[in-house]
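Architecture and fold: a report
These are the residues of each chain, in order.
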Amino acid sequence: ERKALQDKNAQLARAHSEELQALNQAHKRQLEGIKQQHSKAQMALNDRRDAEQKVVYELEQQVIELTEQNNALAEEKAAQSAKHTAEIEARDEQIAALNKRVEAAEGA
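Residues numbered from 1 in each chain as written. Predicted model: local features only at pLDDT ≥ 70, side-chain atom pairs only at ≥ 80, totals over all residues. Heavy atoms only, no water.

Considering the overall build of the chain
Helix and strand content of the chain: one helix and zero strands. For 108 residues, the compact-globule estimate of 2.2 N^0.38 gives 13 Å, and the chain exceeds it by more than 25% at 46 Å. Taken over the C-alpha atoms alone, the chain extends approximately 155 × 15 × 10 Å along its principal axes. When the 108 residues of the chain are sorted by exposure, 0% land in the buried category. A gap of 18 Å separates the mean positions of the 16 positive and 20 negative side-chain charges of the chain. (Helix = DSSP H or I, 4+ residues; strand = E, 2+ residues; numbered from the N terminus. Rg over C-alpha atoms; globule rule 2.2 N^0.38 Å. Buried < 20%, exposed > 50% of the residue type's maximum accessible area, 1.4 Å probe, protein only. Lys, Arg positive; Asp, Glu negative; His and termini not counted. Charge placed at Lys NZ, Arg CZ, Asp CG, Glu CD.)

Describing the pattern of salt bridges
Tallied over the entire structure, the rule returns two salt bridges. Salt-bridge contacts for D7 lead to K3; the nearest nitrogen and oxygen are separated by 3.2 Å. A residue pair is termed a helical-turn pair when its members lie 3 or 4 positions apart in one helix, as D7 and K3 do in helix α1 (residues 2-107) at four residues. By relative accessible area, D7 is classed as partly exposed at 39%. Take K3: its relative accessible area is 54%, and that puts it in the exposed class. Note that E52 is salt-bridged to R48, the shortest N-O span being 3.7 Å. Placement of the pair is E52 and R48 together in helix α1, with a separation of four residues, close to one helical turn. (Salt bridge = Lys/Arg side-chain N within 4 Å of Asp/Glu carboxyl O.)

Observations concerning the environment of A74
Looking at the element boundaries, A74 is found in helix α1. Taking C-alpha positions, A74 is 89 Å from A13, a pair spaced 61 residues apart along the chain.

Notes on the environment of Q37
Considering the arrangement of structural elements, one finds Q37 in helix α1. The class of Q37 is exposed, set by a relative accessible area of 56%. Along the backbone, Q37 and E89 are 52 residues apart, and their C-alpha atoms lie at a distance of 77 Å.

Pasting the structure below:
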């Protein structure tokens, strides 16, 4: 009877060990699947972040380009304004000289 109990105990121990091994293997497979999903998600996240950084870089480049264009236009406008001011001042001087000649002619 003792031998039968020892055999039964050994049989239960083997069954328990096999069950634990099977459970351990199932958990390993499940963990591997989770790791693969995590890796894929991380790669997708990295790809998205790279794409977003590319868009940000392109937008920054556009801002720089537009700022440079705006500055060039502002300089051009200032130069035109200075030119027009000089032309107006020159005409004012011509008008003043003509007015003096008219006044001199009227006084004569």
